[in-house]
Amino acid sequence: MEKAIVLESKDKTINTKIFREVLYEESDNIQYNKESWYRIKQKIRENNIDTVMGSKDNINIINRLLWECDTLQQYVLIDSDDAWQVEKTNDRRNMLRWDMVANRAEVDNSIEQAGWISSITGNQFSEKEMDEYVENALYKLREWCKKTTKVLEIGIASGLTCFKIAPLVGKYIGLDISEKTLEKTQHMLERKNIGNVELIQGGGIELGKFDIKGVDIIIINSVAQYFPGYNYFIEVIAECVKCMTETGIIFIGDLLDLNQRENYLKLLKKSGRKNGREDLWYPKNFIEEVSAYVPEISNVTISSKDKYTIENELTLFRYDAVYTIDKFKKNNCKKTKFQCNKDFMRK
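Chemist: Got a minute to help me understand the overall build of the protein in this structure?
Modeler: A count of helices and strands for the protein gives 11 helices and 12 strands. Its C-alpha atoms give the protein a radius of gyration of 21 Å, near enough to 20 Å, the size a compact globule of 347 residues would have. On the principal axes, the C-alpha backbone points of the protein span a range of 65 × 50 × 35 Å. For the protein, buried positions account for 53% of its 347 residues. Look at the contacts in the protein between residues 6 or more apart in sequence, and 71% of them connect residues 24 or more apart. Entry remark: accessible area of the protein is about 16,600 Å², with carbon and sulfur atoms responsible for 45%. Separation of charge centres in the protein, based on 52 positive and 54 negative side chains, amounts to 2 Å.

Structure (structure tokens):
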């Protein structure tokens, strides 16, 4: 290793002799997607830094830097025996947020119920735009949808995807963290006479709490941007695999494309709107490298949003991915980025 950046104060006792050069940055001064974020990324890039170090409490920042900065090869948690730390999120706050969105929505308005508001215009997406959003998922999933198929959707929200796919399959399970959202979605299912759907309150990372087995297809559509970090994403995928049959697929729709973030921010600025969100943007190499952490993934397919007539932020700045699962054959994918615990400092 050549150079490191330490997200701690300089008076922290750290063995830095193993590096040729060490830079320091106060972690409290770093805010994701703010000016400070782009400043530290520029610092890492210009100094060709390969290691980011800090305490486990800063894992949310450390791991985002690891995957957003091409020069970084590893992170080191200087105060942890366990190198694998899952980013933290406020489950209660998130639940209350989506409860509030559902409560404000008009009756039978599935678009408003799920908070489908354009960050570019500030207006609700049109029915046509949301129809194209759903048709995109249906187009990419249809060949796997049989009357014997069991589907699990994580983040079912107002049921837009479910309403199209559930009639094509045998069993459909929908998870969501919001109780109020599930109440309204259940009402819509009854109105549409769709009777093969079971709704469960919960999130993807806690799938182990539920007795869900034998799933053929898992859908995570326009949900992953709300995950707190990349290790969290990997944990969710690993939990999904445990629920599945020996072979199947995981569809992750509407992933924010990290390579398009600058274009998105330019359009946002041109529209006179500010970026007040901390959504997680995904580099495609990360999506591919998840296979190195989840050996049951036999293939990764990444695709653009090419089936649309209305150009918007959903089609310009997002992409989809499909993980093919095969529990009979473990892959041999290798990591390109690494996680290290405090023992690294004893070298």
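Don't stop here, the text continues.
Chemist: Which parts of the structure should I look at to understand the sheet that holds strand β11 (residues 318–326)?
Modeler: Sheet strands pair by backbone hydrogen bonding; their relative direction is either parallel or antiparallel. In space, the 7 strands of this open sheet follow the order β7-β6-β5-β8-β9-β11-β10, with mixed pairing throughout. Both edges of this open sheet fall to β7 (197–201) and β10 (297–304), since each of them pairs with a single strand only. Averaged over neighbouring strand pairs, the angle between their axes works out to 15 degrees when direction is ignored. Bridge count between strand β5 (residues 150–154) and strand β8 (residues 215–221): 3 bridges; the pairing is parallel. Bridged to Leu152 within β8 is Ile218.

Chemist: Mind showing me how you'd approach helix α7 (residues 179–191) here?
Modeler: Because an α-helix completes one turn every 3.6 residues, residues spaced three or four positions apart along the sequence face the same direction. The end-to-end C-alpha distance of α7 is 19 Å, a good match for the 18 Å that 13 residues give at a rise of 1.5 Å each. Taken together, the buried positions of α7 are Thr181, Leu182, Thr185, Met188 and Leu189. The buried side chains of α7 occupy one side of the element, clustering within an arc of 120 degrees when seen end-on. Those residues of α7 that are exposed and angled more than 90 degrees off the buried face are Glu190 and Arg191. At the C-terminal side of α7, Asn193 shows a positive phi close to 60 degrees.

Chemist: Hey, could you run me through the pattern of salt bridges in this one?
Modeler: Once the charged atoms of two side chains with opposite charge are near each other, the side chains can pair. Applying the stated criterion to the full structure yields 16 salt bridges. Note that Glu25 and Lys43 form a salt bridge whose closest N and O atoms lie 2.9 Å from each other. Separated by 18 residues along the polypeptide, Glu25 in the loop between β2 (21–24) and α1 (35–46) and Lys43 in helix α1 bring together distant segments of the chain. A residue is classified by how much of its surface remains accessible, and Glu25, at 7% relative accessible area, is buried. Residue classification places Lys43 among the partly exposed positions, given a relative accessible area of 24%. In this structure, Asp254 engages Lys305 in a salt bridge whose closest nitrogen and oxygen atoms are separated by 2.4 Å. Of this pair, Asp254 sits in strand β9 (residues 244–256) while Lys305 sits in the loop between β10 and α11 (313–316); the two residues are 51 residues apart in sequence, bridging distant segments of the chain. With relative accessibility at 9%, the residue Lys305 sits in the buried group. Among the charged side chains, a salt-bridge network with shared partners connects Lys140, Asp254, Lys305, Arg318 and Asp320.

Chemist: Explain the state of the cysteines to me, please; I cannot follow it from the model alone.
Modeler: Disulfide: a covalent bond connecting the sulfur atoms of a pair of cysteines. For the coordinates displayed, the defined rule picks out 0 disulfides. Cys162 provides the cysteine sulfur closest to Cys145, a residue in no disulfide bond, and the two sulfurs are 11 Å apart. Free cysteine Cys333: the closest other cysteine sulfur is in Cys240, separated by 18 Å.

Chemist: Got a minute to help me understand the pairing of β9 in this structure?
Modeler: Looking along a regular strand, one sees the side chains alternate between the two faces of the sheet. Of all 13 residues that make up β9, 10 are buried, and the element is covered over most of its length. Where β8 meets β9, 6 bridges bridge the pair, whose relative direction is parallel. Residue Ile220 lies in a different strand from β9, and its bridge partner there is Ile252. The β-α-β motif built from β8, the intervening helix α8 (residues 230–242) and the parallel element β9 has right-handed crossover chirality. Note that β9 and β11 share 8 bridges and pair antiparallel. Opposite Gly248, over in β11, you have Ile325 as the bridge partner.

Chemist: Would you explain helix α5 (residues 127–141) in this entry?
Modeler: In a regular helix each residue adds 1.5 Å, so 15 residues correspond to 21 Å; α5 covers 21 Å between its end C-alpha atoms and thus fits that length. Restricting attention to buried positions, one finds in α5 the residues Glu129, Met130, Glu132, Tyr133, Val134, Asn136, Ala137, Leu138, Lys140 and Leu141.

Chemist: Could you clarify how one ought to interpret the packing of α1 against helix α2 (residues 59–68) in this entry?
Modeler: Packed helices, taken two at a time, are described by the angle between their axes plus the distance between the axes. Interaxial distance between α1 and α2 falls to 11 Å at its minimum, and their mutual angle equals 55 degrees. On the basis of the axis angle, α1 is oblique to α2. Once α1 is placed against α2, the crossing between them reads as right-handed. Of the residues in α2, those touching α1 at Trp37, Ile40, Lys41 and Ile44 are Ile61, Arg64, Leu65 and Glu68.

Chemist: In this structure, what is going on with unusual backbone geometry? I would like to understand it.
Modeler: Leave glycine aside and you will find that most residues have negative phi; peptide bonds, for their part, are mostly trans. With a phi close to 50 degrees, Ala157 is a non-glycine residue in the positive phi region. Assignment of secondary structure puts Ala157 in the loop between β5 and α6 (160–165).

Analysis parameters
Residues numbered from 1 in each chain as written. Predicted model: local features only at pLDDT ≥ 70, side-chain atom pairs only at ≥ 80, totals over all residues. Heavy atoms only, no water. Helix = DSSP H or I, 4+ residues; strand = E, 2+ residues; numbered from the N terminus. Rg over C-alpha atoms; globule rule 2.2 N^0.38 Å. Buried < 20%, exposed > 50% of the residue type's maximum accessible area, 1.4 Å probe, protein only. Contact = heavy atoms within 4.5 Å. Areas by Shrake-Rupley, 256 points an atom, 1.4 Å probe, with all protein chains shown as cover. Lys, Arg positive; Asp, Glu negative; His and termini not counted. Charge placed at Lys NZ, Arg CZ, Asp CG, Glu CD. Pairing = 2+ DSSP bridges. Axes fitted to C-alpha atoms, helices over the stretch in contact; angles between N-to-C directions. Expected span 1.5 Å × (residues − 1). Arc of directions from axis to C-beta. Salt bridge = Lys/Arg side-chain N within 4 Å of Asp/Glu carboxyl O. Disulfide = S-S within 2.5 Å. Right-handed = clockwise from strand over helix to strand, strands pointing away. Parallel < 35°, antiparallel > 145°, perpendicular 65-115°, else oblique. Left-handed = near helix turned anticlockwise from the far one by under 90°.

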